[in-house]
Structures are given as structure tokens and as C-alpha cells.
Amino acid sequence: MSLEIVPTNAGIGAEIRGVDLVRPLDDAIFAEIEATLDTHGVIILRDQKITPEQQVAFSAQFGDVAINHNAKDFGIDGNPEIYLISNITESGRLIGTPRAGSEWHTDMCYAKQPARATMLHAIEVPELNGLALGDTQFANTAAAWETLPDAMKRKLDGLKGVFDFRGRKRGRPISAETIAQYPPVEHPIVRTHPRTGRKGLYVMRNDCTGIVGLEEDEALSLIGALADHITRPAFVYRHRWRVGDVVVWDNCTAQHQAMIDYDLPQRRLMWRTTVKGSVPF
Ligand code: SIN
């Protein structure tokens, strides 16, 4: 295999061409893929025809694969590491989490050890007369940090955000047991990437419900201003899905948002895997 890396020319992301995930990846090729994720924050691999086992195996090359709380209801038989994001119903029951991720966020920021990376594999993409719907947007948190004025950088130095699982609007009700699993946690608002050392903003509305040491009003207006800065068009790439796409994002460098601009009979089905991460610093 020889890889071609094609940056999106938007605020974040690169397409990697020349990879067939059906075949095992040797260490050198995987190292190139991982380095591209480190550099570009989001990687896109088109036209993949992989089984659930092959997706789990590719995910596991990035680290331990998590079992998401949604897998209880929407896991794939035999592959609990994959859970379905979908608006499709079968026999009157949803087969996946509908409307997942409709607000800007980064995965598992409410956990002590948020996810390192997330992978989505597009199985069905909704469309309207040939126009694909249900895009996902990605924003570059490192570029957002780097372009802040010095006064704001100084203000944020050492600040910690409070992240609360209950803050985000979710696609379906969450059990009390799952909520109890995730008590509020504190993470630095300016996060250092554990592999590259690059700094990025780690803050968003809803999940981040406060800032340690600041009054609520001041905290919420700062959170809102930073959230708006991160998602300025200059830092954003909007991915238009095609069946067979495998997209991986780094949850330290990227925030994302799913566009819920479709409804049945337009069907959307994604296989999602999540790679465990470390404590933010
Ligand atoms: C998510 O936020 O995990 C889902 C994103 C998407 O479905 O596009």
C-alpha cells in the first residue's frame, strides 16, 4: 500500500487514499495513518467495505476500544464495541441512537478519561433527490487556541471547566444508572495533546456547565464566547457522507456536530467505535 494524504483545505481534516481496511495494516502504514490523525485531527477513508470485526480491529490499533453505554441497547450482536447511530426502526423499535451529537461536543468529555478517538463507518446515508443529508461538522480546537488574543490566553491559563453528563441534549432518555456512572468532572480548558504536545481549547456549551472559581454568569459567557470562537467557519470542515466512508476523529483536536436535517423515510445508519483516552492535562 502507498498512501496519499489529501488535506480537506477546510479548517481541519485530511483524506487518506490508498488504504483498504479489509487487509491487515502493517506497522509502517498504520504509523502513517496515526501520524495523519495527529496532524490533521480528522481522517477520512472512502469506499471501505469492512465487517464489524474489521472495524473493531482497525479501532484497536489506536488503543483499547471502549464499550459505550449505548451498546446495551444498540450494540451489534457479537461486537459490543460497535454501537449503532440510526433513525431506522425495525418492528416498531429503533435500531440505534437517533439524533446523536446534534450539539457541538467532543466525545466523553464528561468522563475522567475522555475518549481518545471516535470512528464512524457510514452504512446508510440519507438523501433527498441524490443530495446527501446528515453531514457531520468538525472544528479545530488547536487552531482556535492558537488564534486567541494573548489577553484571553492569559485569562484561560490554569482554568478548569466543569463537565457534566446531564448538560447535553440527548437523542433519547438516559437511565439513572448511566447518569450515576458519570458524576461531574473538571478538565483544563486549555488541553495539551498527549501525543503532539499541541495545545487546544477544551470547552463547549452544555457539556461544560461551569468554570472552577468563576461566578456562573461570567463562566457561562466565557464558555459561550469560546464555543463560538472554536466553531467559526475558518476552523470547520463539514463532512458530506458517502456509503463506505470511515471517518476517525481525535477528540482532543476536534469537536463535532451532527446535522439532523433528515427524517424517515430518509435513513441514516452509522457504526460507531470509540477508543479510550487518558486524563486531560
Ligand atoms: C456523534 O456525535 O457521535 C455522532 C455524529 C454523527 O452521527 O454524525
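Residues numbered from 1 in each chain as written. Predicted model: local features only at pLDDT ≥ 70, side-chain atom pairs only at ≥ 80, totals over all residues. Heavy atoms only, no water.

## Considering the packing of aromatic side chains
Considering all chains together, one arrives at eight aromatic pairs under this definition. Aromatic side chains F30 and F58 sit 6.5 Å apart centroid to centroid with 85° between the ring planes, which places their arrangement in the edge-to-face category. With F30 in helix 1 (residues 27-40) and F58 in helix 2 (residues 52-60), this residue pair connects regions lying 28 residues apart in the sequence. By relative accessible area, F58 is classed as buried at 3%. (Phe/Tyr/Trp six-rings, centres within 6.5 Å; stacked < 30°, edge-to-face > 60°. Helix = DSSP H or I, 4+ residues; strand = E, 2+ residues; numbered from the N terminus. Buried < 20%, exposed > 50% of the residue type's maximum accessible area, 1.4 Å probe, protein only.)

## Some thoughts on the sheet that holds strand 20 (residues 269-275)
Strands in a sheet are paired, the pairing made by backbone hydrogen bonds, and the direction either parallel or antiparallel. One open sheet holds the eight strands; their spatial order is 1-2-3-18-8-20-5-4, and the pairing between them is mixed. Either end of the sheet is taken by a strand with one partner, and the two such strands are strand 1 (4-7) and strand 4 (75-76). Alignment of strand 8 (residues 117-124) against strand 20, held across seven bridges, turns out to be antiparallel. For H121, the partnering residue across the bridge sits in strand 20 and is W271. (Pairing = 2+ DSSP bridges.)

## Thoughts on empty space enclosed by the protein
Applying the stated rule across the entire model yields two cavities of 30 Å³ or more. Here the largest cavity defines a volume of roughly 320 Å³. Lining the largest cavity are 26 residues, with Y83, A100, G101, R168 and R272 sitting closest to its centre. Looking at the lining of the largest cavity, the elements that each hand over two or more residues are strand 5 (79-86), strand 8 and strand 19 (254-258). Here the residues of the lining of the largest cavity sort into nine nonpolar, ten polar and seven charged. Counted as a void, the second largest cavity has a volume near 30 Å³. (1 Å grid on protein atoms, 1.4 Å probe; cavity = no way out; pocket = protein on both sides within 12 Å on 5 of 7 lines; lining within 4 Å. Points joined across faces, edges and corners; volume = space filled by probe spheres on them. Nonpolar A, V, L, I, M, F, W, Y, C, P; charged D, E, K, R; others polar.)

## Here's the deal with helix 7 (residues 216-230)
For helix 7, built from 15 residues, the straight-helix expectation of 21 Å at 1.5 Å per residue is met to within 8% by its first-to-last C-alpha distance of 21 Å. For helix 7, the set of buried residues is A219, L222, I223, G224, L226, A227, H229 and I230. Turning to helix 7, the residues buried within the fold contact strand 11 (136-140), helix 4 (141-146), helix 5 (150-156), strand 15 (199-201), strand 16 (208-211) and strand 19. (Expected span 1.5 Å × (residues − 1). Contact = heavy atoms within 4.5 Å.)

The analysis is restricted to geometry; functional conclusions fall outside its scope.
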